[in-house]
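# Working through the structure, step by step
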Amino acid sequence: KNGAAIIFVHGAGYLQNAHNYWSSYFREYMFHNLLVEKGYTVLDIDYRASDGYGRDFRTGIYRHMGGLDLSDQLDGKNLLVEKYHIDSNRVGFYGGSYGGFITLMALLTEPGQFKCGAALRSVTDWAHYNLEYTSNILNFPETDPEAYRKSSPIYFAENLQDKLVMLHGMVDDNVQFQDVVRLSQRFIELGKDNWELAIFPVEAHGFKESYSWLDEYKRIL
């Protein structure tokens, strides 16, 4: 109705969220229904590496997270513009965890493609994440530093030009809070002023308190 759209990016990197049953993302689906009521079109893609599409799809991000999985989101934007008549200058982008990481990669490696982004509990440097997870995709930081460098948003911080809000629980037990702190410091050093950081002092990776969820979605909206 309003010519604008939002692309939502599911978490984990390997989930399947486009399916014929209720999603575990029930809060996000309620939020998306609110967006639709306000006139937005919402797109949720099973991007490269998502489950259920075969081996080549599943391994498509080897040595480059934020590569083909991000290009799938850009193809989604093109679909919105070409088929659904969305204004190409009015597309927002958001997600949590891996979705937050892709949001950062979208704004920092493809500046100008999205009007704004909201990155929740995001990985900003894969060398600081769980090695059991990342070593299957990027190998090891000491043996394949190039894979980690081209896959980590913090190395592209100078490209920020679109509006960004980052949201992170201070006691995150998965993506450590230091990730968003380090990227914030980088933005400060670079003199960037089009970003905001919202901190949730009592929350871990998965928020528990209803007031935290409410505050988070109000900021994204």
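Whatever comes next refers back to the structure up there.
Residues numbered from 1 in each chain as written. Predicted model: local features only at pLDDT ≥ 70, side-chain atom pairs only at ≥ 80, totals over all residues. Heavy atoms only, no water.

### Structural notes on the environment of Gly 169
Basically, it comes down to this: Each helix is a run of H or I in the DSSP string that is no shorter than four residues. Each strand is a run of E no shorter than two, and both are numbered from the N terminus. In what follows, residue pairs with any heavy atoms lying within 4.5 Å of each other are defined as contacts.
Among the structural elements, Gly 169 can be located in strand E5 (residues 163-169). Along the backbone, Gly 169 and Arg 121 are 48 residues apart, and their C-alpha atoms lie at a distance of 6.9 Å. The contact partners of Gly 169, leaving out residues within four places of it in the chain, are Phe 177, Phe 200, Glu 203, Ala 204 and Phe 207.

### A closer look at the nonpolar core
In globular proteins that are soluble, nonpolar side chains generally tend to be buried together. Selection criterion: Buried Ala, Val, Leu, Ile, Met, Phe, Trp, Tyr and Cys residues that are joined via side-chain atoms within 4.5 Å together make up what is termed a nonpolar core. Each residue is placed in one exposure class: buried if its accessible area under a 1.4 Å probe, protein chains only, is under 20% of its type's maximum, exposed if it is over 50%, and partly exposed if it falls in between.
Ranked by size, the top nonpolar core spans 44 residues in total, and within it Met 65, Tyr 98, Trp 126, Leu 164, Met 166 and Phe 187 carry the most contacts. For this core, the element with the most residues is helix H4 (residues 98-109), which contributes eight residues. What Leu 164 contacts, discounting residues up to four positions off in sequence, is Leu 104, Leu 107, Gly 117, Ala 119, Phe 187, Asn 194, Trp 195 and Glu 196. Grouped together as the second largest cluster of nonpolar side chains are 16 residues, Tyr 94, Val 165, Phe 200 and Phe 207 included.

### Comments concerning the sheet that holds strand E1 (residues 5-9)
The condition that has to hold: Two strands qualify as a pair provided DSSP detects at least 2 bridges between them. For every element, the axis is a line fit to its C-alpha atoms; helices are fit only across the contacting stretch, and the angle between N-to-C directions ranges from 0 to 180 degrees.
Taking strand neighbours across the sheet as the criterion, the six strands line up as E2-E1-E3-E4-E5-E6 in an open arrangement whose pairing is parallel. The open sheet has two edge strands with one neighbour each: strand E2 (41-44) and strand E6 (195-200). Going across the sheet, the axis of each strand differs from the next one's by a mean of 15°, ignoring polarity. By the bridge criterion, five bridges tie strand E3 (residues 91-96) to strand E4 (residues 116-120) in an arrangement that is parallel. Residue pairing for E4: Gly 92 is matched across the bridge by Cys 116.

### Some thoughts on the packing of helix H1 (residues 26-37) against helix H8 (residues 210-220)
Going by this rule: Any angle between 65 and 115 degrees counts as roughly perpendicular, while under 35 counts as roughly parallel, over 145 as roughly antiparallel, and the rest as oblique. Put simply, a crossing is left-handed when the front helix is turned counterclockwise from the back one by less than a right angle, and right-handed when it is turned clockwise. Under the scheme applied here, ten amino acids are nonpolar (Ala, Val, Leu, Ile, Met, Phe, Trp, Tyr, Cys and Pro), four are charged (Asp, Glu, Lys and Arg), and all others, including Gly, are polar.
Across the interface, H1 lies against H8 with an axial gap of 12 Å and an inter-helix angle of 40°. Judged by the inter-axis angle, H1 sits oblique to H8. In this structure, H1 crosses over H8, and the sense of that crossing is right-handed. For the pair formed by H1 and H8, the contact residues are Arg 27, Glu 28 and Phe 31 on the first element and Trp 213, Tyr 217 and Ile 220 on the second. Tallied by class, the residues present in the contact of H1 with H8 amount to four nonpolar, no polar and two charged.

### A few points about the pairing of E1
For clarity, the threshold we go by: Convention used here: a crossover is right-handed provided that the path from the first strand, over the helix, to the second strand proceeds clockwise when the strands point away from the viewer.
The element E1 is extensively covered by neighbouring structure, given that five of its five residues are classed as buried. Side chains of E1 alternate between two faces, with Ala 5, Ile 7 and Val 9 and Ile 6 and Phe 8 buried alike. Note: E1 against E2, four bridges, orientation parallel. Its bridge partner lying in E2, Ile 7 is registered against Leu 43. Handedness of the β-α-β unit built from E1, H1 and E2 comes out right-handed.

### Section: the side chain of His 32
Inspection of the secondary structure assignment puts His 32 in helix H1. Apart from residues lying up to four places away in sequence, His 32 is in contact with Phe 8, Val 42 and Tyr 94.

### Some thoughts on the packing of aromatic side chains
Quick note on the threshold: Ring geometry is summarised as follows: Phe, Tyr and Trp rings, the Trp one being its six-membered ring, pair when their centres sit within 6.5 Å, and such pairs are stacked at plane angles under 30 degrees, edge-to-face over 60 and tilted between the two. Any Lys NZ or Arg CZ found within 6 Å of a ring centre and within 35 degrees of that ring's normal is scored as a charge over the ring.
For the coordinates displayed, the defined rule picks out 18 aromatic pairs. In this structure an aromatic cluster arises from ring pairing among Phe 8, Tyr 25, Phe 31, Tyr 94, Phe 200, Phe 207, Trp 213 and Tyr 217. Lying over the aromatic face of Phe 114, Lys 77 brings its terminal NZ or CZ to 5.7 Å of the ring centre. Taking the ring centre of Phe 207 as reference, the NZ or CZ of Arg 121 above it sits at 5.4 Å.

### Observations concerning a nonpolar patch on the surface
Definition in use: For patch detection, residues must exceed 30% relative accessible area and be free of salt bridges, and they are connected within 9 Å for like charges or within 5 Å for nonpolar side chains (Val, Leu, Ile, Met, Phe, Trp, Tyr). The protein chains shown are the only cover counted for residues, whose accessible areas, like all others here, come from Shrake-Rupley with a 1.4 Å probe. When a carboxyl oxygen of Asp or Glu is within 4 Å of a side-chain nitrogen of Lys or Arg, the pair counts as a salt bridge.
On the surface, a cluster of nonpolar side chains totalling about 310 Å² of accessible area is made up of Met 170, Val 171, Leu 197 and Ile 199. Here Val 171 falls in the partly exposed class, since its relative accessible area comes to 46%.

In short, shape yes, function no, at least from these values alone.
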